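Here are the chains, one letter per residue:
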Amino acid sequence: MNAPQKILTVFGTRPEAIKMFPLVHALDADDRFISKICVSGQHRGMLDQVLQIAGIMPHFDLDLMQPNQTLDSLTANLLTGIGRVLDAEQPDWVVVQGDTATAMAGALAAYYRKIPVAHVEAGLRSGNIQHPWPEEVNRKIIGSMAALHFAPTQTAADALLRENVEPAAVHITGNTVIDALYWITRKIEIQPELATGLAPLEARFAGKRIIGVTCHRRENFGGGMVGIAAAIQRLAARDDVAMIFPVHLNPNVQEVMNGLLAGLENVALIEPLDYPNFARLIGICDLMLTDSGGVQEEAPALGKPVLVMRETTERPEGIAAGTARLVGTDADRIVAEASHLLDSPSAYDAMAQAHNPFGDGKSAGRIVELLAG
Ligand code: UD1
Ligand code: UDP
């Protein structure tokens, strides 16, 4: 048998941890690999809750998060911090996920050392470098360096081929977010007490239609966030609706949302939920209003329509499948689209019953086989 390959997975934010833990579990269970984990700590509390529920103990934790961190200081610290880990560990592969600063700097630090990079969730493109900002550029940078590209869908694979990526390096694997969602759903079935955090709100809002809300995108700071808040205020005037809104810890989000929405009867502004309780929120809501990438993929897997509060999306598959609609951040448009779904059972059913295009829950296994070569 060949010597095991040393794989260093590098991640640092909540969504990366959620999408990487199925792969970490699969690598840990496979003696063809020595699995090492480096977390950057780009996020702290929001990352740690995922590590805890997934039972992941990183070998390296750079603990980099600073309050209201800037992109340049974060990126500089990531590059040097991850570089030091690579020098110490000398892995055979570095695996990064998605499009965060951690993923981009992790890939760049590996490239500087001629260590091959494998990219999970490769090939997502909006075609606009300002939306999402800076993620569209981050993933293009990673795509230009990676030796293996794990595209979640045919659309993503096609985007890479259009950029002249070597076809043999592109593999369609599905998105590990669906593996993670099925894993947490099974875990909650066995341990229902993990997902009882919303019980008081479920009691308070009994009989109302629940809308789950999240937002955090940097390109929505300022006017976009104000538009989203205005839409929530207007939807909250309906007697039959309640909104549960776990507010992202980014201070730019906290200030706007706590400033404009505090005290509204039908709106619960709450701390970020841990992953099991967030899965529960998707389960109990009628629809999700979000600018999140991951939520666009998860909600359809649980049969919930998504209104995407962005100008563009790099996940056109959801729009094409009819599970998601792109509504921007203009309050009139968000209110009109949400009201249409709430008031038209046929429009609602068409979205809720559409097919989830993002994966079958077996992506991590495919990625492990591709890494094994
Ligand atoms: C980051 C990613 C974004 C991803 C998002 C997921 C970049 C440039 N941005 O955006 O792609 O969609 O994570 O949520 O990589 N904070 C805390 N505690 C936490 C997490 C964040 O207090 O656990 C606060 C800190 O003040 C921090 C700020 O949020 O400085 C911003 O965090 P950062 O990771 O830079 O940006 P996000 O908006 O979270
Ligand atoms: N999520 C969570 N708690 C919350 C909100 C979201 O655990 O209060 C999870 C959600 O299940 C999804 C991920 O966080 O998998 C999405 O993260 P985020 O929206 O911050 O980032 P993006 O996906 O836009 O990069």
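See above for the structure.
Note that the structure is predicted; figures quoted are calculated from it, not measured.

Take the site of ligand 1 next. The environment of ligand 1 is made up of 25 residues, and the closest members are H43, Q66, A101, E135 and R218. Within the contact set of ligand 1, an oxygen atom lies 2.9 Å away from a side-chain nitrogen or oxygen of H248. Its free accessible area being 740 Å², ligand 1 has 94% of it covered by the protein chains. Elements supplying a minimum of two residues to the shell around ligand 1: α2 (45-54) and α3 (71-89).

Quick look at the sheet that holds strand β11 (residues 287-290) now. Taken in spatial order, the 6 strands line up as β10-β9-β8-β11-β12-β13 in an open sheet, and their pairing is parallel. Of all the strands in the sheet, just β10 (267-270) and β13 (324-326) have a single pairing partner and so form its edges. Strand-to-strand twist across the sheet, computed as the mean angle between neighbouring axes with direction ignored, equals 20°. Bridge analysis of strand β8 (residues 209-214) against strand β9 (residues 241-246) gives 4 bridges, and the strand direction is parallel. Residue pairing across strands places I210 opposite A242, the latter belonging to β9. Running over the sheet, helix α12 (residues 293-301) touches β8, β11 and β12 (306-308) and is turned about 165° from β12.

Each value, and the rule that gives it
- Residues numbered from 1 in each chain as written.
- Chains lettered and ligands numbered in written order.
- Predicted model: local features only at pLDDT ≥ 70, side-chain atom pairs only at ≥ 80, totals over all residues.
- Heavy atoms only, no water.
- Near = heavy atom within 4 Å.
- Polar contact = N/O pair within 3.5 Å; in protein donor to acceptor, adjacent residues only side chain to side chain.
- Areas by Shrake-Rupley, 256 points an atom, 1.4 Å probe, with all protein chains shown as cover.
- Helix = DSSP H or I, 4+ residues; strand = E, 2+ residues; numbered from the N terminus.
- Pairing = 2+ DSSP bridges.
- Axes fitted to C-alpha atoms, helices over the stretch in contact; angles between N-to-C directions.
- Contact = heavy atoms within 4.5 Å.

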